[in-house]
Amino acid sequence: MRRRNSDFRRPVRRRFSNVFWLTLCGLAVLLLIILLSRETRDSSSRLVYTKRPYRHDRIADGLNITEEMLRPESVARQINDQISLAKAILVIAKESNNLQFAWEISAQIRNSQMLLSNAASRRSPLTNGESETAIRDMALLLYQAQQFHYDSATMFMRLKAKIQSLEEQTNSFSEKSSKYGQIAAEEVPKSLYCLGVRLTAEWFRSSNLQKKLKEEKLAAGKLVDTGLYHFCVFSDNILATSVVVNSTAMNSKNPDMVVFHLVTDEVNYAAMKAWFAMNSFRGVTVDVQKIEDFSWLNASYVPVLKQLQDSDTQNYYFSGNHDNSRTPIKFRNPKYLSMLNHLRFYIPEVFPTLKKVLFLDDDVVVQKDLSPLFSTDLNGNVNGAVETCMETFHRYHKYLNYSHPLIRQHFDPDACGWAFGMNVFDLVEWRKRNVTGIYHYWQEKNVDRTLWKLGTLPPGLLTFYGLTEALNPSWHVLGFGYTNVDSKLVEKGAVLHFNGNSKPWLKIGIEKYKPLWDKYVDYGHPLLQQCNFH
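Residues numbered from 1 in each chain as written. Predicted model: local features only at pLDDT ≥ 70, side-chain atom pairs only at ≥ 80, totals over all residues. Heavy atoms only, no water.

You'll find the protein chain entered in an unreviewed UniProt entry as Hexosyltransferase, with Capsicum baccatum given as the organism. A UniProt comment under Subcellular location (unreviewed entry) is attached to the protein chain, and it reads "Golgi apparatus membrane". Under the heading Pathway (unreviewed entry), UniProt records this for the protein chain: "Glycan metabolism; pectin biosynthesis." (UniProt positions renumbered as here; feature names shortened; annotations may be inferred.)

And the structure:
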């Protein structure tokens, strides 16, 4: 057989083989690219999904949720939902006096909770088999609750009524707490009563004390010396007054120039004289008077005394029968009718020879030298006081009845209030402007208590309207008897005022601030020890 020419040997087969292998290689490369791109997508998706479980894990940890409970078919979640609904129904069943049903549903709640607890302890999810009975029994009870009309609408209405009842109880408890707190603040502690009794006995028993006080009074031209620093305190609290005098003396640069004028009542007069006769206060001059000696203080001159004789006023303040006790107890506190409390409006009559006086309440502590206040220029005003209008509730409209035309016509509702308790009074300007007459006018207008209800500050705001010079706030810091005070203000304050019910000499006093007052009390004094002061 003749062999074929080499040019004609299987040209087609060789070409097909090359194309085949090239195609196969291309497919392999393409497959590799596809696989690589898919792996990249998987890894990126894994990155995305690794972040989400972390966030969900944090939420689950915070809510104490297990992975099993997050599944749509979670048995644990179903049981938890049943328990939540059953607890709400349990409250309503008890209120409806359906005690048998309440007992049954309460027992089933405990069974379901026990199941969840056991599953949590062994760290494995509940199975349908072990939870089937509990879910079925609870479902039957929830269905039975519907037959008692414990449906969602009824539950909502009853729970709303329950919330309203609880709010009323809270308001009642709050009112009672306020009432009892005020009663506690008004009560005289046994130790303070004991001190008054012992001092009174000491005064009448010891002729030396009386002789000492007489000698000091005869030699006391200081009482009328207008070149000295004159302070006045009107109080029936011996120990509180002592702290005011002692703290002023301890922090005064010139205590020998300080004169204290104390006014008390007949009951505490002998005790007050005995205490200040047997104790010295760094050379401070102390004079004690009683309010009953002021002959000008009578019902024909003083509106408050005239009002005290009115039966309606007595009922309002002392029994609360006038308005079926609708008025809060704080507005019916008899201390607001105490003449010792209102004597601040008669300072020129009490001290007719003096030109300038610094008035202090008996619940203050002095921790700076106050002599610069006597040289403070009041710019023709009568009253130097610290303003308290940093907050809106210390403006005039919060103390006065602006629905009354007399108030609305004469006073700016946004005028700045100020504080009683540490006040510099220019008695020369006071007499010139007849400030006591202004006070009488407003007291007579308020005989029916329609202009204001509470205390001496509202009539003070009216009386000294346009006659008050604002002092630097550091001279008088308030709030130590009812709230927290900024520590920087405590440090800078010249006079710290324990206004509020929590007085430092009472058990209800704020413990945080008691040391500010205690350091001016000599608890080692024999009489204080005998009366169990500590």
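Having seen the structure, we can now continue with the description.
## Concerning the confidence of the model for the protein chain
A low pLDDT score tells you not to read the predicted coordinates there in detail. Mean pLDDT over the protein chain: 81, with 74% of residues reaching 70 or higher. For the protein chain, helix α1 (residues 11-63) is the element with the lowest average pLDDT, namely 53, and strand β4 (residues 356-360) is the one with the highest, namely 98. Note that residues 1-16 has pLDDT below 50 and, in this model, three contacts with residues that lie over four places away or in other chains. Scored below 50 in pLDDT, residues 58-63 shows one contact in the model against residues more than four places distant or in partner chains. (pLDDT = per-residue confidence, 0-100. Helix = DSSP H or I, 4+ residues; strand = E, 2+ residues; numbered from the N terminus. Contact = heavy atoms within 4.5 Å.)

## Considerations on the pairing of strand β2 (residues 258-264)
For β2, the tally of buried residues reaches seven of seven residues, placing the bulk of the element in the interior. Inspection of the sheet shows strand β1 (residues 229-234) paired to β2 by six bridges, in the parallel sense. Within β2, the residue paired with Y229 across the bridge is V258. Pairing analysis gives six bridges linking β2 to strand β3 (residues 285-290), with the strands arranged parallel. (Buried < 20%, exposed > 50% of the residue type's maximum accessible area, 1.4 Å probe, protein only. Pairing = 2+ DSSP bridges.)

## As for the packing of helix α6 (residues 190-205) against helix α9 (residues 266-278)
Angle between the axes and distance between the axes are the two parameters that describe a pair of packed helices. Running from N to C, α6 and α9 cross one another at 75°; their axes reach a closest spacing of 8 Å. With respect to each other, α6 and α9 are oriented roughly perpendicular. Counting all contacts with α6, which are made through L195, G196, L199, T200, E202, W203 and F204, the residues of α9 involved are A270, A271, K273, A274, W275 and M278. Per-class residue counts for the contact of α6 with α9 are nine nonpolar, two polar and two charged. (Axes fitted to C-alpha atoms, helices over the stretch in contact; angles between N-to-C directions. Parallel < 35°, antiparallel > 145°, perpendicular 65-115°, else oblique. Nonpolar A, V, L, I, M, F, W, Y, C, P; charged D, E, K, R; others polar.)

## Quick word on the state of the cysteines
Tallying each qualifying case throughout the model produces two disulfides. The disulfide that involves C194 links it to C531, with 2.1 Å between the sulfurs. The chirality of the disulfide connecting C194 with C531 is left-handed, given an S-S dihedral of about -70°. Here the residue C194 occupies a position in helix α6, and C531 occupies one in the segment after α20 (526-530), the gap between them amounting to 337 residues. For the pair shown, C194 and C531 are each scored as buried. What pairs with C389 in a disulfide is C416, and their sulfur atoms sit 1.8 Å apart. One disulfide, between C389 and C416, carries an S-S torsion of -95° and so falls in the left-handed class. (Disulfide = S-S within 2.5 Å.)

## Considerations on helix α8 (residues 238-250)
A rise of 1.5 Å per residue sets the reference length of α8, with its 13 residues, at 18 Å; its end C-alpha atoms lie 18 Å apart and thus fit the reference within 8%. Counting buried positions along α8 yields twelve of 13 residues, so the element is predominantly enclosed. Taken residue by residue, α8 has I238, L239, A240, T241, S242, V243, V244, V245, N246, S247, T248 and A249 as its buried positions. By the N-cap criterion, in which a side-chain oxygen at the helix start approaches the backbone nitrogen of a residue two or three places on, α8 is capped by N237, the distance to L239 being 3.3 Å. (Expected span 1.5 Å × (residues − 1). Polar contact = N/O pair within 3.5 Å; in protein donor to acceptor, adjacent residues only side chain to side chain.)

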